[in-house]
Structure formats: C-alpha cells, structure tokens
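Residue-level listing of the chains:
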Amino acid sequence: MAVWAIGDLQGCYDATQRLLERIRFDPARDRLWFCGDLVNRGGESLETLRLVHSLRANASIVLGNHDLSLIAIGERRPEEQRRVNADLQRVVFADDARPLLDWLRQQKLMHVDRELGWAMVHAGLLPRWSIDEAHALAQEVEARLQGNGFRKLLRNMYGNRPMWNPRLTGFERYRAIINVFTRMRYCSPRGRIAFEEKGTPGSQSAGMYPWYESPERVPRELSIVCGHWSTLGLMIGLGVHAIDTGAVWGGKLTALQLDSEELRIRQVKGRVVPAAEAAQADD
Ligand SMILES: Nc1ncnc2c1ncn2[C@@H]1O[C@H](COP(=O)(O)OP(=O)(O)OP(=O)(O)OP(=O)(O)OC[C@H]2O[C@@H](n3cnc4c(N)ncnc43)[C@H](O)[C@@H]2O)[C@@H](O)[C@H]1O
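Residues numbered from 1 in each chain as written. Predicted model: local features only at pLDDT ≥ 70, side-chain atom pairs only at ≥ 80, totals over all residues. Heavy atoms only, no water.

*Asks:* Which residues make up the sheet that holds strand E8 (residues 223–226), and what are the values?
*Replies:* Spatial ordering of the open sheet is given by E4-E5-E8-E10-E9, a layout of five strands whose pairing is mixed. Of all the strands in the sheet, just strand E4 (110–113) and strand E9 (235–237) have a single pairing partner and so form its edges. Recorded for the sheet is a direction-independent mean angle of 15° between the axes of neighbouring strands. As judged from the three bridges shared by E8 and strand E10 (residues 240–242), these two strands associate in the parallel manner. (Pairing = 2+ DSSP bridges. Helix = DSSP H or I, 4+ residues; strand = E, 2+ residues; numbered from the N terminus. Axes fitted to C-alpha atoms, helices over the stretch in contact; angles between N-to-C directions.)

*Asks:* Talk me through helix H7 (residues 131–146); I want residue IDs and the actual numbers.
*Replies:* Residues spaced three or four apart along an α-helix point in a common direction, a consequence of the helix completing one turn every 3.6 residues. For H7, spanning 16 residues, the distance from its first C-alpha to its last is 22 Å, which sits close to the expected 22 Å at 1.5 Å a residue. For H7, every residue scored as buried is listed here: Ile 131, Ala 134, Leu 137, Ala 138, Val 141, Glu 142 and Leu 145. All buried residues of H7 project into a common sector of 140° when viewed along the axis, lining one side. Turned more than 90 degrees away from the buried face of H7 sit Asp 132 and Ala 143, all of them exposed. (Expected span 1.5 Å × (residues − 1). Buried < 20%, exposed > 50% of the residue type's maximum accessible area, 1.4 Å probe, protein only. Arc of directions from axis to C-beta.)

*Asks:* Explain the sheet that holds strand E11 (residues 252–257) to me, using residue names and the numbers behind them.
*Replies:* Reading across the sheet, the five strands line up as E3-E2-E1-E11-E12 and stay open at both edges, with mixed pairing between neighbours. Of all the strands in the sheet, the pair left with one neighbour each is strand E3 (59–61) and strand E12 (265–269). Mean inter-strand twist for the sheet, computed between neighbouring axes without regard to direction, equals 20°. With five bridges connecting them, E11 and E12 associate as antiparallel partners. Looking at E12, one finds that Leu 256 is bridged to Ile 265. In the packing of helix H1 (residues 13–22) onto the sheet, the strands contacted are strand E1 (3–6), strand E2 (31–34), E11 and E12, and the crossing angle to E12 comes to about 145°. (Contact = heavy atoms within 4.5 Å.)

*Asks:* So what's going on with the environment of Ser 223? Which residues, and what values?
*Replies:* Looking at the element boundaries, Ser 223 is found in strand E8. As for Ser 223 and Arg 190, which are separated by 33 residues in sequence, their C-alpha atoms are 22 Å apart. Those residues within four positions of Ser 223 in sequence are excluded, and the remaining contacts are Gly 117, Trp 118, Ala 119 and Gly 239.

*Asks:* Can you break down the pairing of E2 residue by residue, with the values?
*Replies:* One ladder, built from four bridges, connects E1 with E2; its direction is parallel. Counted as the bridge partner of Val 3 is Arg 31 from E2. Between the parallel elements E1 and E2, the chain passes through H1 in a crossover that is right-handed. Inspection of the sheet shows E2 paired to E3 by three bridges, in the parallel sense. By the bridge assignment for E3, Trp 33 is matched with Ser 60. (Right-handed = clockwise from strand over helix to strand, strands pointing away.)

*Asks:* Please provide a residue-by-residue account of the packing of aromatic side chains, values included.
*Replies:* Counted under the stated rule, the structure contains six aromatic pairs. With 4.8 Å between their ring centres and 75° between their planes, Tyr 186 and Trp 229 make a pair best called edge-to-face. With Tyr 186 in strand E6 (residues 186–187) and Trp 229 in the loop between E8 and E9, the pair connects residues that are 43 residues apart, well separated along the chain. An identical accessibility class is assigned to Tyr 186 and Trp 229; each is buried. Seen from their ring centres, Trp 211 and Tyr 212 are 5.5 Å apart, and the 85° between their planes marks the pair as edge-to-face. For the pair Trp 211 and Tyr 212, one class covers both residues: buried. In this structure an aromatic cluster arises from ring pairing among Tyr 186, Trp 211, Tyr 212 and Trp 229. In this structure, Arg 105 is placed above the aromatic ring of Phe 150, and the distance from its NZ or CZ to the ring centre is 3.6 Å. (Phe/Tyr/Trp six-rings, centres within 6.5 Å; stacked < 30°, edge-to-face > 60°. Lys NZ or Arg CZ within 6 Å of the ring centre and 35° of its normal.)

*Asks:* Explain the pattern of salt bridges residue by residue, including any values.
*Replies:* Here the idea is simple: oppositely charged side chains can pair when their charged atoms come close. Counted according to the given criterion, the structure contains 15 salt bridges. For the salt bridge of Arg 114 with Glu 221, the shortest nitrogen-to-oxygen distance reads 3.1 Å. A residue pair is termed long-range when its members are at least 10 positions apart, and Arg 114 in the loop between E4 and strand E5 (118–121) and Glu 221 in the loop between strand E7 (209–210) and E8 qualify at 107 residues. The partner of Glu 262 in a salt bridge is Arg 264, and the shortest N-O contact between them spans 3.5 Å. Residue Arg 264 is classed as partly exposed on the basis of its relative accessible area, which comes to 28%. The structure contains a network of salt bridges with shared partners spanning Glu 75, Arg 98, Asp 102, Arg 105 and Arg 151. (Salt bridge = Lys/Arg side-chain N within 4 Å of Asp/Glu carboxyl O.)

Right, here's the structure in full:
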C-alpha cells in the first residue's frame, strides 16, 4: 500500500500515465491524492479528466482554480462555451461531459487525513487559519457547490474582492474562501492576497510573503501538500510540500509519497511545449 500525492496535471494526459507507471500505481493497493488543476492548457484535458474519474475509487481530489472555472463554463450557454479555448471546449461538448462535470463538482477544497498526518489544498491556507478552521470553511463552500444553489455560486465566484474576514456572509464569503484555497500565492500577514504576483519568492512586493512563510502563521499539526504555483517548483519546508512543478509549461510532473518515513519523490517529464507556444511565451 502506498499513498501518492500528485501535482497539477493541467490536461497533461501522457505525463500522467507515465507518472502512474513510474510509481507502479496498483489500484488494488494504492491511493492517489490529486492537488487540483486537473485540466486546462495541456491539450488533453478531456482524456485526463476521464482518467482521474476512472480512478475515483482510489483517489482524493481537491479543486483548483482551473477546475472551478471548467465547472462554471459547463453551466454556460453553448454560444458562450464556444468562446473558451479548444482544450476546454472538448470537455464541455463531450458526450460524457455531464457525468464528468457533475462528479468534479462533488470534489473538495480541502482534504484532511489525520491518521496519515496530511492535509491537501490546491493553493494555500491563510497564515492565521488552523487546520480545523480551514477545514470548516472549505466545507461551507463544498456544501454549496454540491447542493442545489451551485449555479448561483458559480456565477458569483469570480473576482479578487473582498479579502477574507470572518464576518463576511453570502457570496462574498464564499468568494473570499475560494480565492484562498485555489488562487493564493503571496499574501500579507493579515491575509490580503497579491493576485497579480506569480513569480518566484523574492520577486514579490514589499509586505507580501509566500503564504506558508508569513510571520503571523499559526503552527499546524498536519503536513500540507499543495500545488498551483508552478514558478515556485518543488518546495519542501515549514511543514509544506508544494509539488506543482510546471508539467504543462514543459517542466515536470511530480508525485510525493505521503505514507513513507523517508522523502520519496518521483518525477517524469511534462508536456512537450509546441515551438510556436514557447516562442510566444518568450515574447
Ligand atoms: N475567482 C476565481 N474563481 C475561480 N476561478 C478563477 C477565478 N479567477 C480566475 N479563475 C480561473 O483560474 C484560471 C486561471 O486563471 P489565471 O489568472 O490565468 O491563472 P494563473 O494565475 O495564471 O495561474 P495558474 O493556475 O495557471 O498557475 P501557474 O502557476 O501554472 O501559472 C501562473 C503563470 O505562470 C506563468 N508561467 C509559468 N511557467 C511558465 C513557463 N514555463 N512559460 C511561460 N509562462 C509560464 C504563466 O504566465 C501563468 O499565467 C482561469 O480558468 C480562470 O477562469
């Protein structure tokens, strides 16, 4: 038996399959934790989503910003859906789109396994949130997303404001919680998120900290595994294991074994970025 956490797949189907081979994944024995952003940009989001869905009996998944966005797109009118990129259009116009997206919507914002000693989120936790507090806030959003009112939540989900405050109510509260769990990289000690800052630590503006380094952070009893921040790369420290190693950008796809005394990491090469796309990124 092994439990492996896997970083952001982002529609990189080939790399995902190679990584599962590399860790010798055995559905009779092993469990997988996916850190979110299963889809978008990789070109094979439909195949990737089908693969993870087929592994669902063995998998724990948290939602990333790209996953939430896909769920929201799935609820729009066809003429609006035709305006999204080709990778996501293939998902929303697939014959099995409805079961795939309904299943995706049932996934969590935070997964906690006290016995194993780990918690998983896509992006991060606010410095002052304890594991219990964060888990309760994640569950508030999950209940709404999984319930009848989910369409209204999806319509009201986008936006950078307000910053988190425990007195928030309604959609502002949901939005602030979603932004922490799925979009944060840097934040101020009081929890203001620098949404526009996506570079490596040191590149951020004054007063902003990587979320896991904030001087106001509370001690946490569980190790945390997360993804989302591809320019950070593999980062292990302060009780956090960040494992988005930029597979979709031509980096690597990473698996980290959670039930091992020693640090066990397996990586495969990520997507081969088409030359035209790479040239565009250099501009
Ligand atoms: N309130 C909300 N609620 C829910 N969903 C919401 C939301 N607001 C937005 N969304 C959704 O979130 C999605 C993404 O929005 P974006 O705003 O495009 O997301 P992002 O910050 O660029 O982050 P990403 O998650 O892609 O992270 P990564 O580190 O890989 O990439 C970060 C950056 O690094 C750069 N990068 C990294 N490596 C690179 C490389 N090798 N080459 C070129 N660029 C690279 C890229 O510029 C990239 O943009 C959209 O679908 C959007 O709809």
